Amino acid sequence: VADYQLDLSETVPYITATAVQNAGFTGTDVKVAVLDSGIDYTHAAFGGAGTLEAYQQAYGTSTADPRTTTRDGLFPTARVVEGYDFVGEVWPNGPLAPDDDPIDCGPASIGAPCAGGHGSHVADIIGGAAGVAPGVDLYAVKVCSAVSTSCSGVALIQGMEYAVDPNGDGDTSDRMDVVNMSLGSNYGQSFDDDLAFAVDNATAFGVLTVASAGNGSDKPYITGTPAAATTALSVAQTQVPSAALGLLSLN
């Protein structure tokens, strides 16, 4: 029987984020769009009730429940202040079906074939109660599937457009400060990828894109796109001091 600890209890201080917070910088008034599988804004990490009942009230009990497509007076919240769902609940097993409620399809206890939770996890690292910058305003931009690990190329471009001009009125003064994309494809290139092009365009408007370098191990040139975009801030994995590698000896 192993002992466990909270995911961010070691990571946040290890990257010196705790020291930054203690100096008075928590991300207040910084707008961060999380382009991912949505955010469970009912979660306790974002000031929600953190109960199954609260989640079911917002999402429903299946991917076909109409509550998952409407805000029901429950969204936005004080922490997840806005957002949009550019994919819906059936893609890629059906057409894209955008709606106004970017809630993450997560808990298996609702009986739905959810593959979500990633967006909520990422948002917690960024701006959850114990996250790196717990004062940021989170924008849930759902561009990845609720029922698979796929992220729609069309939705991603629309998500980047949203980050630059959330209300679509041509005035970019309401743009995001930061876009986070913990997604991509291996062996990314900056010169023939539509999403990388969108990242560079967003940079020109003053939006910083932070993207994961990828999950492709340590092979040469395997860094993914959109992290390979010329103006993206590409972030690789950081291992913590307590990490251990269990070895197996064969006799």
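Let me sum up the structure you'll find in this document. Quick caveat, the model's predicted, so the values are computed rather than measured.

**Concerning the overall build of the protein chain**
Across its full length, the protein chain carries six helices and six strands. In the protein chain, the succession of helices and strands from N to C terminus is α-α-β-α-β-α-β-α-β-α-β-β. Against the globule reference of 18 Å for 251 residues, the protein chain gives a C-alpha radius of gyration of 18 Å, in line with a compact fold. Dimensions of the protein chain along its principal axes, counting C-alpha atoms only, are 55 × 45 × 45 Å. For the protein chain, the proportion of its 251 residues judged to be buried stands at 41%. When contacts within the protein chain are restricted to residue pairs at least 6 apart in sequence, those whose partners lie at least 24 apart make up 71%. Surface summary for the protein chain: the accessible area is close to 12,900 Å², and the carbon and sulfur share equals 56%.

**A short note on the environment of threonine 18**
Relative to the helices and strands, threonine 18 is located in helix α2 (residues 17-22). Overall, threonine 18 belongs to the partly exposed group, its relative accessible area being 28%. With sequence-adjacent residues up to four places away left out, threonine 18 is seen in contact with Val12 and Pro13.

**A few points about the state of the cysteines**
Under the counting rule described, the total for this entry stands at two disulfides. Note that cysteine 105 is cross-linked by a disulfide to cysteine 114, the S-S spacing being 1.9 Å. In this structure, the disulfide formed by cysteine 105 and cysteine 114 twists by about -65° around the S-S bond and is classed as left-handed. One disulfide in the model links cysteine 144 with cysteine 151; its S-S distance is 2.1 Å. Here the S-S torsion is close to 95°, and the disulfide linking cysteine 144 with cysteine 151 is therefore right-handed.

**What to know about a nonpolar patch on the surface**
Judged by side-chain polarity, Leu208, Leu233 and Val235 come together as a nonpolar surface patch covering roughly 230 Å² of accessible area. Assignment of secondary structure puts leucine 208 in strand β5 (residues 208-212).

**Observations regarding the layout of surface pockets**
Looking at the second largest pocket, its volume works out to about 190 Å³. Where the lining of the second largest pocket is concerned, the elements lending two or more residues are α5 (153-164) and α6 (194-204). The element contributing the most residues to the lining of the second largest pocket is α6, with five residues. Residues belonging to the lining of the second largest pocket are distributed by class as follows: seven nonpolar, two polar and three charged.

**Remarks on the packing of α5 against α6**
Relative orientation and spacing of two packed helices are given, respectively, by the angle between their axes and the distance between those axes. Running from amino to carboxyl end, α5 crosses α6 at an angle of 5°, the nearest separation of the two axes being 10 Å. Regarding the angle of α5 to α6, the classification is roughly parallel. Across the interface between the two elements, Leu156, Ile157, Met160 and Val164 of α5 pack against Asp194, Leu195, Ala198, Val199 and Ala202 of α6.

**Some details on the sheet that holds strand β6 (residues 233-235)**
Ordered in space as β2-β3-β1-β4-β5-β6, the six strands form an open sheet in which the pairing is parallel. Edge positions in the sheet fall to β2 (80-85) and β6, since each of these pairs with one other strand and no more. Pairwise comparison of adjacent strand axes, ignoring direction, gives a mean angle of 20° for this sheet. Where strand β4 (residues 178-181) and β5 come together, four bridges link them in parallel fashion. The residue bridging valine 178 from the neighbouring strand is leucine 208, located in β5. Each of β1 (31-36), β3 (137-142) and β4 touches helix α4 (residues 118-127); the most contacted strand, β1, lies at about 155° to it.

**Considerations on the nonpolar core**
Ranked by internal contacts, the top residues of the largest apolar core, which has 26 residues, are Leu35, Val143, Met160, Val179 and Met181. Mapped by element, the contributors of at least two residues to this core are β1, β3, α5, β4 and α6. It is α5 that contributes the most residues to this core, six residues altogether. Once residues within four sequence positions are removed from consideration, methionine 160 is found in contact with Leu35, Val179, Met181, Leu195, Ala198, Val199, Ala202 and Thr209. Judged by nonpolar contacts, the second largest core, of 22 residues, contains Ile39, Tyr41, Phe46 and Tyr55.

How each quantity is defined
- Residues numbered from 1 in each chain as written.
- Predicted model: local features only at pLDDT ≥ 70, side-chain atom pairs only at ≥ 80, totals over all residues.
- Heavy atoms only, no water.
- Helix = DSSP H or I, 4+ residues; strand = E, 2+ residues; numbered from the N terminus.
- Rg over C-alpha atoms; globule rule 2.2 N^0.38 Å.
- Buried < 20%, exposed > 50% of the residue type's maximum accessible area, 1.4 Å probe, protein only.
- Contact = heavy atoms within 4.5 Å.
- Areas by Shrake-Rupley, 256 points an atom, 1.4 Å probe, with all protein chains shown as cover.
- Disulfide = S-S within 2.5 Å.
- Patch = residues over 30% accessible without salt bridge, like charges linked within 9 Å, V, L, I, M, F, W, Y side chains within 5 Å.
- Salt bridge = Lys/Arg side-chain N within 4 Å of Asp/Glu carboxyl O.
- 1 Å grid on protein atoms, 1.4 Å probe; cavity = no way out; pocket = protein on both sides within 12 Å on 5 of 7 lines; lining within 4 Å.
- Points joined across faces, edges and corners; volume = space filled by probe spheres on them.
- Nonpolar A, V, L, I, M, F, W, Y, C, P; charged D, E, K, R; others polar.
- Axes fitted to C-alpha atoms, helices over the stretch in contact; angles between N-to-C directions.
- Parallel < 35°, antiparallel > 145°, perpendicular 65-115°, else oblique.
- Pairing = 2+ DSSP bridges.
- Core = buried A, V, L, I, M, F, W, Y, C linked by side-chain atoms within 4.5 Å.

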